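One letter stands for each residue in the lines below.
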Amino acid sequence: MFKKIVLLLIATILVGLFFYFDLHQLLTLDGLKGSMNDFDQWREQSPLLVIGGFFLLYVTVTALSLPGAAILTIASGALFGIVEGLIIASFASSIGALLAFLVSRYLLRDTIKQRFPERLAAIDAGIEREGGFYLFTLRLVPIFPFFIINLLMGVTGFKSWTFYWVSQVGMFLGTFVYVNAGTQLAQIDSLANILSFNLIVSFALLGLFPLIAKAIVNMIKKRRVYSNWTKPAKFDRNMIVIGAGAGGLVTSYIAAAVKAKVTLIEAGEMGGDCLNYGCVPSKAIIKSAKIAQQIRNAHHYGLEDITPEFSFKKVMARVHQVVADIAPHDSVERYTNLGVDVVKGYAKLVDPWTVEISYPDGNTSRLTARSIVIATGARPFVPPLPGIEEVGYVTSDTLWDEFAKLDSAPQKLVVLGGGPIGSELAQSFARLGSKVTQIEMADRIMIKEDLEVSEFATQALQKSGVNILTSHQALRCELRDDKKFIIVKHQEQELAIEYDELLCAVGRSARLDGYGLEALGIETNRTIVTNEYLETLYPNIYAAGDIVGPYQFTHVAAHQGWYAAVNALFGQFKKFKVDYRVIPWTTFIDPEVARVGINEYEAKQQGIDYEVTRFDFAELDRAITDSATDGFIKVITPKGKDKILGVTIVSEHAGDLIAEFVLAMKHGLGLNKILGTIHSYPTWAEGNKSAAGEWKRNHAPETVLGWLEKYHTWRRG
């Protein structure tokens, strides 16, 4: 900070001296004309000194963003001629611009980054991709003041060397115009003589050159990508969608809604993993387990504690019934009625426009489409532990059918993984009677959350009967006397844990094999590689959902489905970049953990000057009436401002409560707006308003309140 203050002080002194000695009067057209005789004499006496002094003056004026750079450019032509003047002005202007850029970066970037972290991150991402094109265009169009460009680029992540050479090249033509004008100084009455309207238009048209060049480059790339393929003269469909999970369903629905001819191909069950193996069945069993726990702890509600009696088979049957009840929402019949041509079979890309369909009866057929969307989802990742295949395991996909065969919950269940899926299922089966051991290699479960949230979740699971082993690395599985064991390492010691069932919940991997991606050369790196528009290597082939990432959530897959559909169908007119700015997620343990935006750990990592506002549900009337006072709301805001950077909620109904904050962040509403919104009493949603009230209370205008106190005292006489 001291160095910044010194630098700012030096710059201020130099600017002050510049105006104090009326140097700005010299850097006018009249001042330049009046000083030409003196300059000529100085040059004859000390040519190197004049050149060096002029160069240094030019660099200083540009570096300090002082007025007069245009006059100095003219002066270089008048003093030194077209060749020598062009060299001096070109390098002096570029070096000065670089210094102004660096000063701006040093003095302003950290402050702006703290105040506007999300906006600056988005700008930096764009600069990293196409900053050279942007800067080159701006340098060619003199309607934009160059000193403003220098300062603005300084606060971005633009690389210094790139900024310099692009400026050197981009400003050359404009510099030439001014230097050449300087050789005719006597005929110039004003800068308008140099920079006429026609010349500005010419520069503006020239400024379009980088954009035109970019379009040509993209066209060449496109032709090169498709060079080995023969494009059909006509197409069977406007769009083919592969995969009927959340991403594929939304994509095909939108296509049908805008009257495009679309075929949706699915080899398995409609609805994808979420309906059949993930969100829906897991939430169904979570509900049953929660009821069992409430019966077990009925004293919280003034009732007698009793041991719940239930049939595990009936619990699992209910899970399957819930799936069956929701299935019609995603059924072949419904989507057919919506206008989607639904085909059951395996899809494989033959070329960028053709899909081969293998039907269950062994027959095949081919369809062509102008656009193809791949939405094949992900599958549970099974770690390659020695012996795991021989001893056996289940995943979040297979346990529903496997456990439905059991008469009771597994007596000894090992859950491998401490993320959301592992934590949800570990707590549920512990509440349904299993002796659950949860194994996590990291030092805590739910590692992506703040430490206090992770600790809260740990206590909640332990209260439900889960034995949590963190910092334990799974090594192998073994059979010993017909008993199953998983061997783990902790503090260099091996430990054998016996189990009846092993549930692998260590993450999910994208389904990439069997769809012809390799043959087409579509790049994959654990997921399909796409650009910000969800385009793959081929501009007509898109991907959406878990196969893309970066968030493996059903609601994100649906979100991407909209972008994939619109860009694929109407991208020739306008393409939309996927907006990931406000993504909520919820872990459905009891109590739930929901989050949107950044948490406190991430705020520290990003160097944000933040503050935390916290509201505990022990203070909420509705939580007290429901005997569910555990939990809190934690809001991250910039220091002194009500802008919401992130929210974490730990409570019952947290997944529902977070929606208000998602809406607020999406539309730029702060805590004051939430505080000014009427919330029904007594509801859980009042917790959001109370959190906003806490922020307001912490930022009460003490000075104004002091004056008001004096005013009311005076009013009382």
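Here goes a summary of the coordinates provided.

### Section: the side chain of Thr-648
Moving on, step 1. Looking at the secondary structure, you find Thr-648 in strand β22 (residues 646-651).
Moving on, step 2. Apart from the residues lying within four places of it in its own chain, the contact partners of Thr-648 are Val-453, Ala-594, Arg-595, Asn-599, Phe-632, Ile-633 and Lys-634.

### Some remarks on the nonpolar core
Moving on, step 1. Leu-349 and Val-355 are the most contacted members of the largest nonpolar core, which has 50 residues in total.
Moving on, step 2. By residue number, the principal contributor to this core is strand β6 (residues 364-374), which donates five residues.
Moving on, step 3. With near-sequence residues (within four places) excluded, Val-355 lies in contact with Ile-240, Ile-242, Ile-265, Ala-347, Lys-348, Leu-349, Ser-365, Arg-366, Leu-367 and Ile-372.
Moving on, step 4. The next biggest cluster of nonpolar side chains, apart from the first, holds 32 residues, and it includes Val-394, Trp-400, Ile-468 and Val-593.

### Examining the packing of aromatic side chains
Moving on, step 1. Evaluated as defined, the whole model comprises 17 aromatic pairs.
Moving on, step 2. Considering the side-chain rings of Tyr-226 and Trp-353, the 5.1 Å spacing of their centres and the 25° angle between planes classify their relative orientation as stacked. Here the residue Tyr-226 occupies a position in the loop between α13 (209-225) and β1 (237-242), and Trp-353 occupies one in the loop between β4 (346-351) and β5 (354-358), the gap between them amounting to 127 residues.
Moving on, step 3. Assessed through its relative accessible area of 3%, Trp-353 is described here as buried.
Moving on, step 4. Put simply, the rings of Tyr-551, Phe-553, Tyr-580 and Trp-585 pair up and form one aromatic cluster.
Moving on, step 5. A cation sits over an aromatic face here: Arg-480 above Phe-485, 5.1 Å from the ring centre.
Moving on, step 6. Note that Lys-574 overlies the ring of Phe-576, its terminal NZ or CZ placed 5.6 Å from the centroid.

### Looking at the sheet that holds strand β14 (residues 493-499)
Moving on, step 1. Pairing in this open sheet of three strands is antiparallel, and the strands run β12-β13-β14 from one edge to the other. Looking at which strands have only one partner, the edges of the open sheet turn out to be β12 (473-480) and β14. Sheet twist, expressed as the mean angle between neighbouring strand axes with direction ignored, is 30°.
Moving on, step 2. Taken together, the seven bridges between β12 and strand β13 (residues 483-490) define a ladder with antiparallel strand orientation. Bridge pairing in β13 places Gln-473 opposite Lys-489.

### Remarks on helix α5 (residues 69-80)
Think of an α-helix as 3.6 residues a turn; residues three or four steps apart then line up on the same face.
Moving on, step 1. Taking 1.5 Å per residue as the helical rise, α5 with its twelve residues ought to reach 16 Å, and the 16 Å between its terminal C-alpha atoms agrees with that figure.
Moving on, step 2. Buried within α5 are the following residues: Ile-71, Leu-72, Thr-73, Ile-74, Ala-75, Ser-76, Gly-77, Leu-79 and Phe-80.
Moving on, step 3. Trailing α5 by a residue or two, Gly-81 shows a phi angle of about 90°, which is positive.

### Some remarks on the pairing of β6
Moving on, step 1. With five bridges joining them, β1 and β6 adopt parallel strand pairing. Bridge pairing links Ile-240 to Ile-372 in β6.
Moving on, step 2. Pairing between β5 and β6: five bridges, direction antiparallel. Each bridged residue has a counterpart across the sheet, and for Ile-357 the counterpart in β6 is Ser-365.
Moving on, step 3. Taken together, β5 and the strand that follows it, β6, pair antiparallel across an intervening segment of five residues, in which Gly-362 is found at a positive phi of about 95°.

### Points about the sheet that holds strand β11 (residues 467-470)
In a beta sheet, neighbouring strands pair by backbone hydrogen bonds and run either parallel or antiparallel.
Moving on, step 1. Taken in spatial order, the five strands make up an open sheet running β8-β15-β9-β10-β11, and their pairing is parallel. On the outer flanks of this sheet lie β8 (394-395) and β11, each paired with one strand and no other.
Moving on, step 2. Across five bridges, strand β9 (residues 412-416) lies against strand β10 (residues 435-440) in parallel orientation. Bridge pairing links Leu-413 to Val-436 in β10.
Moving on, step 3. Those strands touched by helix α21 (residues 420-431) are β9, β10 and β15 (501-504), and its axis lies near 165° from that of β10.

Reading the values: rules and limits
- All residue numbers here refer to positions counted from 1 along the written sequence of the relevant chain.
- The model is predicted, so local features are restricted to residues of pLDDT at least 70 and side-chain atom pairs to those at 80 or more, both for listing and for counting; the totals for chains, interfaces and linings are taken over all residues.
- In computing side-chain properties, one takes all heavy atoms of the structure into account and sets aside hydrogens as well as water.
- Helix and strand assignments come from DSSP, with helices taken as H or I runs of at least 4 residues and strands as E runs of at least 2, each series counted from the N terminus.
- Throughout, a contact is declared for two residues whenever any of their heavy atoms are within 4.5 Å.
- Buried Ala, Val, Leu, Ile, Met, Phe, Trp, Tyr and Cys residues that are joined via side-chain atoms within 4.5 Å together make up what is termed a nonpolar core.
- To sort residues, take the accessible area from a 1.4 Å probe on protein chains only and compare it with the maximum for the residue type: under 20% means buried, over 50% means exposed, and anything in between is partly exposed.
- Here a pair means two rings of Phe, Tyr or Trp (six-membered ring of Trp) with centres within 6.5 Å. Their orientation is stacked below 30 degrees between planes, edge-to-face above 60, and tilted elsewhere.
- In this scheme, the term charge over a ring applies when either NZ of a lysine or CZ of an arginine sits within 6 Å of the ring centre and within 35 degrees of the ring normal.
- By this definition, two strands are paired if DSSP reports at least two bridges between them.
- The axes used here are C-alpha line fits, helices contributing only the stretch in contact, and every angle between their N-to-C directions lies in the interval 0 to 180 degrees.
- Given the number of residues in a helix, its expected span is that number minus one, multiplied by 1.5 Å.

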